[in-house]
Amino acid sequence: MKVEFLIGTGINDGRQILIQESEFKKAKISPEEYDSFAFATNCLFAFYGASDDFIRPEEYEKILSNLDKGGSVIIAMAEESSPRRRSPVVFVSNNGRLKLIEF
């Protein structure tokens, strides 16, 4: 699975990954691709100290159900200042429109 870590882009201080729809759907049919997806999210979350280690299968399915052909998935680390916590947030971009996926 091709996962793009968006570092040095000035967007959210580089704390996100981008996965195109065609790549994201590969994880549905291939255990190896799902493991690749899990590894990428694990790396992102661990680097920023989040407690979650990857997107769970039911969360993957929810993201997939909101993703249109040609869209993309953006998984980012959000930071709250009081108390200081970092947690993952997931957006789906379809036709240039961002949608927050709530779990």
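Below is a summary of the structure that appears in this document. Every chain is numbered independently, its residues counted from 1 as its sequence is written. Local features in a predicted model are, by the rule used here, given only for residues with pLDDT of at least 70; side-chain atom pairs are given and counted only at 80 or more, and totals for whole chains, interfaces and linings are based on all residues. As a convention, hydrogens and water are excluded, and side-chain values are obtained from all of the structure's heavy atoms.

### Things to note about the overall build of the protein
Here's step 1: We count a stretch as a helix when DSSP gives it H or I for four or more residues in a row; a strand needs E for two or more, and each element gets its number in order from the N terminus. A tally of regular secondary structure across the protein gives three helices and five strands.
Here's step 2: Secondary structure elements of the protein occur, N-terminal to C-terminal, as β-β-α-α-α-β-β-β.
Here's step 3: Buried residues are those whose accessible area, probed at 1.4 Å on protein chains only, stays under 20% of the maximum for their type, while exposed residues exceed 50% and partly exposed ones sit between those limits. Within the span of the protein, comprising 103 residues, buried residues form 41% of the whole.
Here's step 4: By the convention used here, residues are in contact when the closest approach between their heavy atoms is within 4.5 Å. Put simply, of all contacts in the protein between residues at least 6 apart along the chain, 50% involve residues at least 24 apart.
Here's step 5: Each accessible area is a Shrake-Rupley estimate made with a 1.4 Å probe; only the visible protein chains count as cover when residues are assessed. Accessible surface, the protein: about 6,300 Å² in total, of which carbon and sulfur atoms supply 52%.

### Details of helix 2 (residues 31-47)
Here's step 1: Its 17 residues give helix 2 an end-to-end C-alpha distance of 24 Å, which sits within 8% of 24 Å, the value for a rise of 1.5 Å per residue.
Here's step 2: Listed as buried for helix 2 are Y34, F37, A38, A40, T41, L44 and F45. Angularly, the buried residues of helix 2 cover 160° about the axis, an arc narrow enough to put them on a single face. The exposed set on the far side of helix 2, more than 90 degrees from its buried face, consists of P31, E32, D35, F39, A46 and F47. Each residue after the first adds 1.5 Å to the expected span of a helix. Taken from the helix axis, the directions to the C-beta atoms give the arc we talk about.

### Some thoughts on the nonpolar core
Here's step 1: Within this scheme, the nonpolar core is defined by two criteria: the residues are buried Ala, Val, Leu, Ile, Met, Phe, Trp, Tyr or Cys, and they are joined through side-chain atoms within 4.5 Å. Counting residues in each nonpolar core, the largest one holds 24 residues, and the members touching the most others are I19, F24, F37 and I75.
Here's step 2: If you tally residues by element for this core, the top one is helix 2, at five residues.

### Looking at the pattern of salt bridges
Here's step 1: Here, a salt bridge means any side-chain nitrogen of Lys or Arg that lies within 4 Å of a carboxyl oxygen of Asp or Glu. For the coordinates displayed, the defined rule picks out five salt bridges.
Here's step 2: Among the ionic pairs, E23 bridges to K26, the shortest N-O distance being 2.9 Å. Note that E23 and K26 are positioned in helix 1 (residues 21-29) at a spacing of three residues, about one turn of the helix.
Here's step 3: Owing to a relative accessible area of 15%, E23 belongs among the buried residues under this scheme.
Here's step 4: Classification of K26 by relative accessible area gives partly exposed; the value is 33%.
Here's step 5: The closest approach of N and O atoms between R56 and E58, which form a salt bridge, is 3.9 Å.
Here's step 6: The class of R56 is partly exposed, set by a relative accessible area of 35%.

### Overview of the packing of aromatic side chains
Here's step 1: Side-chain rings of Phe, Tyr and Trp, where Trp is taken by its six-membered ring, are said to pair if the distance between their centres is within 6.5 Å; with planes under 30 degrees apart they count as stacked, over 60 as edge-to-face, and otherwise as tilted. Following the criterion strictly, the structure yields five aromatic pairs and no others.
Here's step 2: On the basis of an interplanar angle of 25° and a centroid distance of 4.5 Å, the ring pair of F24 and Y60 is categorised as stacked. In this pair, F24 sits in helix 1 while Y60 sits in helix 3 (residues 57-66), placing the two residues 36 residues apart along the sequence.
Here's step 3: You can call F24 buried: its relative accessible area is 0%.
Here's step 4: An angle of 65° between the planes, with centres 5.7 Å apart, marks the rings of F37 and Y60 as edge-to-face. One end of the pair, F37, is in helix 2; the other, Y60, is in helix 3, and 23 residues separate them in sequence.
Here's step 5: The buried category is assigned to F37, whose relative accessible area is 0%.

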